[in-house]
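Architecture at a glance
Single-letter residue listing:
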Amino acid sequence: MLQVSKQEGTYLYRQVIDLIAENIDAGALRPGDRLPSLRKMSQTAGVSIPTVRQAYIELERQRRVESRPQSGFYVRHVAANDIVLPTPSYEGEPIPLTCRTLMERVYNGINNPDLVPLGIANPTMARPAAKALHRAMKRVMARAENRSLGYSATLGEPALRRQIAYQYLDTTGVQVDPEHIGITNGGQEALLLALKAVASEGDIIAVETPTYHGLLELIDSLDMLAIEIETCPEEGVTISELERTLQTHDVKACMFSTTLSNPLGVTMPEKDRRKMVDVLEKYDTILIEDDVYGDLRFDGVRPVPAQFLGGKAHIITCGSFSKTAAPGYRIGWVVTDEYIERISQLKRAFSCTSGLLQQLTLADFLASGDYTRHLKALRPVLKRNADRLAALVAEHFPPQTRTSKPVGGSVLWLELPGGVDAENLFDEAIEAGISIAPGRIFSPCSCYANFLRLSFGHPWTEHTENAMRWLGNRVTEIAAQSG
Ligand SMILES: Cc1ncc(COP(=O)(O)O)c(C=O)c1O
């Protein structure tokens, strides 16, 4: 019964997991049954004891089995909706992007203002800061009308760079030199400049899986290759898999969101982030940390960017005001001592500078304390919306649906029953006036066919509830048809 066939391209421990899960699903292993001991399983399955142990630990994390001290691993009784999202499957090899056309369609859909916006990650819409920003802009215009129409310095307005440095100090206790901050056109340009500064055509760039689709487009547009690193839905990047990948591939840089990720909404525990920095240092691999969501943890505890955790790894931090204040202002930033001159040259070549009026407005917004007050008010709204959205999934979607448990941000990641193709669902949903983000765009190899990202970063209305009812009913129908 418990024989591993050793398929090529799939990690052995995953095959052990699949084998046991299949036996549980088929009823051959029932709740309360003891799994074979590590040694026994290793002999019958023909794999090593550490491989079996890794598989059992992952099954425990998925809450399908439990370990009992001195006794072994037992099958758990799992209630519907108590199932934890599985660690995602991924290719494990560097590959070019395969879902460009789908991304194009998704962008057209999510930017359509007439649709219920479940596809776009725009947390500020849940509680816009429009009035406070308007007041800040009026103050700026009154103070510096002519200057605000001019060019800013290449790396940005000193007042804003100082305010960003102060914000790091205030929220994390970390001292950042404003001279090491460069203002960019949103987080996306920060990521572009960082990547251009450290890597070239053909280089391999490691990403989490699933990951933010904008990173994948960026890597692809620079003719680089993405390689996926296994990412645990509760703990972030799996360090052992990161190390294994760095051992076997010449990875130039990693682009990770370890403070708060999109779409999983996970913060990597600080001890693991420290280990990650050590591993990167050991393999001399650069980290570009995409930290655009770091201020949006529901509990308000702002994780320290990896760059400031100590160690000697080469790290560039990328931030943005798009998720916290105003995506339309297109203001983001990089933090780096080592690469700041190179980034300044690239910034000048690509876009000269960023909008001065927006920079001055944000500097005033931060200095007045309104930014901090705004974040304090925004986080609980996002948390409430997250809970409501998860409750609607539980109410309307089939019971086999699994959801992430985000600790912040504005998105929920869903695994739908196996036969449901989220890309087809996306097309139908657009027709029904709803935008969603199908799972395929979150991986370079277009896996996650039956996954979906839903946003709760918008004002809660009856349209939201109706849209969720429609989606749940449709997924239930498709799942029933596919049997
Ligand atoms: C994880 C992540 N990084 C970066 C960005 C880009 O941010 P910006 O709008 O500031 O360019 C986004 C936007 O969706 C994102 O989700």
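1. So, the packing of aromatic side chains
Under the counting rule described, the total for this entry stands at 10 aromatic pairs. Seen from their ring centres, tryptophan 413 and tyrosine 448 are 5.5 Å apart, and the 75° between their planes marks the pair as edge-to-face. Residue tryptophan 413 is located in strand 13 (residues 411-415), and its partner tyrosine 448 is located in the loop between strand 15 (437-438) and strand 16 (451-455); the two are separated by 35 residues in the primary sequence. Its relative accessible area of 4% is what places tyrosine 448 among the buried residues. An aromatic cluster of three or more residues is present, and its members are Phe321, Trp333, Phe365 and Tyr371. When the ring centre of tyrosine 74 is taken as origin, the NZ or CZ atom of arginine 68, which lies over that ring, is 3.8 Å away.

2. Overview of the domain arrangement of the protein chain
Assigned domains within the protein chain: domain 1 (12-75), domain 2 (100-125 + 374-481) and domain 3 (129-372). The C-alpha-based centres of domain 2 and domain 3 are spaced at 25 Å. In this complex, domain 2 contributes 33 residues to the contact, which on the side of domain 3 involves 35 residues. Here domain 2 meets domain 3 over a buried area of about 2900 Å², counting both sides, of which 60% is carbon and sulfur. It is His374, Arg379 and Val407 in domain 2 that bury the most area against domain 3; as a group they hold 22% of the surface buried on that side. At the boundary of domain 2 and domain 3, one finds zero salt bridges. At the surface where domain 2 touches domain 3, the tally comes to 18 residue pairs in polar contact (both at pLDDT 80 or more). Put simply, the parts of the chain that give the side of domain 2 that touches domain 3 at least two residues each are helix 4 (100-110), helix 13 (370-396) and strand 13. In terms of residue count, helix 13 provides more of the side of domain 2 that touches domain 3 than any other element does, eight residues in total.

3. Regarding the site of the ligand
Neighbouring the ligand are 13 residues, the closest being Gly187, Asp290, Ser320, Ser322 and Lys323. Lysine 323 places a side-chain nitrogen or oxygen 2.7 Å from an oxygen atom of the ligand. Summarising the interface, the protein chains cover 91% of the accessible area of the ligand, which totals 390 Å² for the free molecule. Ranked by residues supplied to the shell around the ligand, first place goes to helix 7 (residues 186-198) with four residues. Grouping the amino acids of the shell around the ligand by side-chain chemistry returns four nonpolar, six polar and three charged.

4. Remarks on the environment of aspartate 272
Within the secondary structure, aspartate 272 is located in helix 10 (residues 270-282). Ignoring sequence-local partners within four residues, the contact set of aspartate 272 consists of Glu235 and Ile239.

5. A word on the pattern of salt bridges
Tallying each qualifying case throughout the model produces 25 salt bridges. Residue glutamate 230 is joined to arginine 14 by a salt bridge in which the shortest nitrogen-to-oxygen separation is 3.1 Å. With glutamate 230 in strand 6 (residues 225-232) and arginine 14 in helix 1 (residues 12-25), the pair connects residues that are 216 residues apart, well separated along the chain. A residue is classified by how much of its surface remains accessible, and glutamate 230, at 5% relative accessible area, is buried. The buried category is assigned to arginine 14, whose relative accessible area is 14%. Among the salt bridges present, the one from aspartate 295 reaches arginine 302, with a minimum N-O distance of 3.2 Å. Overall, the relative accessible area of 9% leaves aspartate 295 in the buried class. Taken together, the salt bridges that share partners define one network made up of Arg105, Asp421, Glu423, Asp427 and Arg440.

6. As for unusual backbone geometry
At the junction of threonine 209 and proline 210, the peptide bond is cis and its omega measures out at 0° in the coordinates. With respect to the helices, strands and loops of the structure, proline 210 is situated in the loop between strand 5 (204-209) and helix 8 (213-221). With an omega dihedral of 15°, the bond running from asparagine 262 to proline 263 counts as a cis peptide bond. If you trace the backbone, proline 263 turns up in the loop between strand 8 (251-256) and helix 10. A positive phi is found at aspartate 284, a non-glycine position, where the angle reads about 55°. By the secondary structure assignment, aspartate 284 is in the loop between helix 10 and strand 9 (286-290). The exposure class of aspartate 284 is exposed, given its relative accessible area of 55%. In this model, cysteine 352 sits at a positive phi of 70°, which is unusual for a non-glycine residue.

7. Let's talk about the pairing of strand 16
For strand 16, the tally of buried residues reaches five of five residues, placing the bulk of the element in the interior. Of the two faces of strand 16, the one lined by Phe451, Arg453 and Ser455 and the one lined by Leu452 and Leu454 are each fully buried. One ladder, built from five bridges, connects strand 13 with strand 16; its direction is antiparallel. Of the residues in strand 16, the one forming a bridge with valine 411 is serine 455. Inspection of the sheet shows strand 15 paired to strand 16 by two bridges, in the antiparallel sense. Bridge assignment links proline 438 to a residue of strand 16, and that residue is leucine 452.

8. Let's talk about helix 8
Among the nine residues that make up helix 8, seven are buried, leaving the element largely enclosed by the rest of the structure. When we look at burial in helix 8, the residues that qualify are His213, Gly214, Leu215, Leu216, Leu218, Ile219 and Asp220.

Rules used throughout
- Residues numbered from 1 in each chain as written.
- Predicted model: local features only at pLDDT ≥ 70, side-chain atom pairs only at ≥ 80, totals over all residues.
- Heavy atoms only, no water.
- Phe/Tyr/Trp six-rings, centres within 6.5 Å; stacked < 30°, edge-to-face > 60°.
- Helix = DSSP H or I, 4+ residues; strand = E, 2+ residues; numbered from the N terminus.
- Buried < 20%, exposed > 50% of the residue type's maximum accessible area, 1.4 Å probe, protein only.
- Lys NZ or Arg CZ within 6 Å of the ring centre and 35° of its normal.
- Domains from an automatic or database assignment.
- Contact = heavy atoms within 4.5 Å.
- Buried area = accessible area lost by both parts, 1.4 Å probe.
- Salt bridge = Lys/Arg side-chain N within 4 Å of Asp/Glu carboxyl O.
- Polar contact = N/O pair within 3.5 Å; in protein donor to acceptor, adjacent residues only side chain to side chain.
- Near = heavy atom within 4 Å.
- Areas by Shrake-Rupley, 256 points an atom, 1.4 Å probe, with all protein chains shown as cover.
- Nonpolar A, V, L, I, M, F, W, Y, C, P; charged D, E, K, R; others polar.
- Pairing = 2+ DSSP bridges.

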